[in-house]
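Observations on the three-dimensional arrangement
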Amino acid sequence: MTTGAWQRFAIAFASAFAGLLVVGGWLSASSWCWPLYLLVGVVAGLVAGSGRGVWLVWVAAVAVYPAAALLGLPHVGVAWLHWFALTLVGACLATAGFAIGAAIAGRSGRGRSARTARAPGRTIGWPLLIAAIVIGLAGFGGWVGYAAVVGSEELVHPTDTWPHCGTPKSEFGWAYEAINYDQADDARLAVDNPGLRDCTTWGSKAGDEVVTSDGVQIAGWYIPAANGEGPRGPTIVIVPGWKSHKSEVLKYAPPLHEAYNLVLIDLRNGGRSGGTETTWGLREQLDVRAMIDWLVRTKAPTWIGAMGNSMGAATVVAEAVDDPRVEALILDSMHASLATSLGDGLEYERHLPAIPSAWAMVAGASLRVGADLTSVDPVRTVGRLGDRPVLLIHGLADMLDRPENSAERNVEAAREAGVPVELRYCEAGWHGHVIDECPADWATWATGFLAAAMAR
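Keep in mind that this is a model prediction, so the values were computed, not measured.

What about the state of the cysteines?
This model, assessed by the stated rule, comprises two disulfides. Shown here is the disulfide that connects Cys-165 with Cys-199, its sulfur atoms set 1.9 Å apart. Linking Cys-165 and Cys-199, the disulfide has an S-S dihedral of approximately -75 degrees and is accordingly described as left-handed. Placement of the pair is Cys-165 in the loop between α6 (126–156) and α7 (168–172) and Cys-199 in the loop between α8 (185–192) and β2 (219–223), with a sequence separation of 34 residues. Here the two residues Cys-165 and Cys-199 agree in accessibility, since each one is buried. With a sulfur-sulfur separation of 1.9 Å, Cys-426 is cross-linked through a disulfide to Cys-438. An S-S torsion of about 70 degrees defines the bridge between Cys-426 and Cys-438 as right-handed. Residue Cys-426 is found in strand β8 (residues 421–426), and its partner Cys-438 is found in the loop between α16 (434–437) and α17 (439–454); the two are separated by 12 residues along the sequence. Residue Cys-438 is classed as buried on the basis of its relative accessible area, which comes to 12%. Taken in sequence order, the bonded cysteines of the protein link in the pattern 1-2, 3-4. This cysteine, Cys-33, is not joined by any disulfide, and Cys-92 carries the nearest cysteine sulfur, 13 Å off.

Structure, rendered in structure tokens:
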């Protein structure tokens, strides 16, 4: 190989390495990374001028991850497996781009001697070009499969659940009734977890008093209203979100405790409830229905409202569509569509491209549970609530469900269908933490809304 050829290969390697590092390290959160990876390869191929240098892309790809770690790119250590997989896919796409770039250079005569300049296309053969493109498509398809398998596993079988396991008594000194489990076990739970803010166990599982139509045991708490109105008084069912349970949503109880009886629920696959899969509201709506059945059977309240956080809000809407017993809904930090929500989260938390990753995750999760999770997307269900009032509460700082992708779409869907809806924003509110950032506003919004709903 001539000195000029080595120089071109060195520059091609440098361009491939720099391109893969920039796209993977700083631009991977955008779905534009896919054509950009291809473009990196095209540039490197044009510089090399020969298909024989395609191996340079893979050498560059191997060098990218250690370089990113040395540079301290923040997401490399947090989600290194995802990032490394994305880099390999980038190398596949860059390989296809390299072949295209080298073919273009060959056609133009760049990088060839005068002796071969009259033989267009000999710098790279069609078999190599086709093989490189197949590698690129296979890599992209591999990423889709990776997202569908690994991502859907986390959706359906989440880890790192909410660590708190406090009770109404331990948190606020309130009397309460354990629903569908032995309340004495709460004392044992406190012994097993001396720090109720960092629990490793959540006590015994639910019994058979509250069981869903598909056979899942559901646990919860019943907290009587402070005003002493009794079980016939208005009652609010509070539903937690993904990776969460009734202890986490205790924070919503103080503004409502004075005037309303409260029911806090553990959804399936969380807290003390049974079940082994999380289905993002699709089957969790059965959990809420079973708890409302228990509430009506044992307490017979005159009025029932529901409040849900994040996935719990989507669950509340899904249940209320076919359950007229739910007369008003407060929906905090609710997504509009699961795929869009996952895409926002992938870009912000994992620095991974939303497209096609989010849709692959939803498709994989739907296959795992045997049903379409998007059928309970709030943007598709909120318009079916009729004349029941809805209060949407959202944080402007929510990057997991950006307001324009969630709250505003839900409001538009509700208004188009004639559903009475209000939207309140907390400027500093983060996903699921609006009440933490705007506690006074949250209390005012919620209590005012419920009072107006009851007066209808």
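We are not done yet, so read on.
Focus: unusual backbone geometry
Omega for the peptide link from Ile-355 to Pro-356 comes to 0 degrees, which places this bond in the cis form. Although it is not a glycine, Asn-180 adopts a positive phi angle of roughly 70 degrees. Tracing the chain through its elements places Asn-180 in the loop between β1 (177–179) and α8. A residue is classified by how much of its surface remains accessible, and Asn-180, at 5% relative accessible area, is buried.

A few points about the packing of aromatic side chains
In the structure shown here, the tally under the stated rule is 12 aromatic pairs. Considering the side-chain rings of Tyr-348 and Trp-430, the 5.6 Å spacing of their centres and the 50 degrees angle between planes classify their relative orientation as tilted. Here Trp-430 lies in the loop between β8 and α16 and Tyr-348 lies in helix α12 (residues 338–350), a separation of 82 residues in the sequence. Here Trp-430 falls in the partly exposed class, since its relative accessible area comes to 27%. Taken together, the ring pairs in this structure connect Trp-34, Phe-140, Trp-143 and Tyr-146 into an aromatic cluster. Seen from the ring of Trp-242, Lys-243 lies directly overhead, with NZ or CZ sitting 4.6 Å from the centre. Between Lys-299 and the ring centre of Tyr-222, over which it is positioned, the NZ or CZ distance is 4.5 Å.

Quick notes on the confidence of the model for the protein
Overall, the prediction assigns the protein a mean pLDDT of 91, with 94% of residues at 70 or greater. This model gives residues 113–123 a pLDDT under 50, and the stretch forms 13 contacts once residues within four places in sequence are excluded.

Examining the pairing of strand β6 (residues 326–332)
Burial analysis of β6 places six of its seven residues in the buried class, the great majority of the element. Sheet topology note: the strand β5 (residues 304–309)/β6 ladder contains five bridges and is parallel. The partner of Ile-304 across the bridge, within β6, is Val-326. In this fold, the crossover linking β5 to β6 by way of helix α11 (residues 311–321) has right-handed handedness. Across four bridges, β6 lies against strand β7 (residues 390–395) in parallel orientation. If you follow Leu-331 over to β7, its bridge partner there is Leu-392.

Calculation notes
Residues numbered from 1 in each chain as written. Predicted model: local features only at pLDDT ≥ 70, side-chain atom pairs only at ≥ 80, totals over all residues. Heavy atoms only, no water. Disulfide = S-S within 2.5 Å. Helix = DSSP H or I, 4+ residues; strand = E, 2+ residues; numbered from the N terminus. Buried < 20%, exposed > 50% of the residue type's maximum accessible area, 1.4 Å probe, protein only. Phe/Tyr/Trp six-rings, centres within 6.5 Å; stacked < 30°, edge-to-face > 60°. Lys NZ or Arg CZ within 6 Å of the ring centre and 35° of its normal. pLDDT = per-residue confidence, 0-100. Contact = heavy atoms within 4.5 Å. Pairing = 2+ DSSP bridges. Right-handed = clockwise from strand over helix to strand, strands pointing away.

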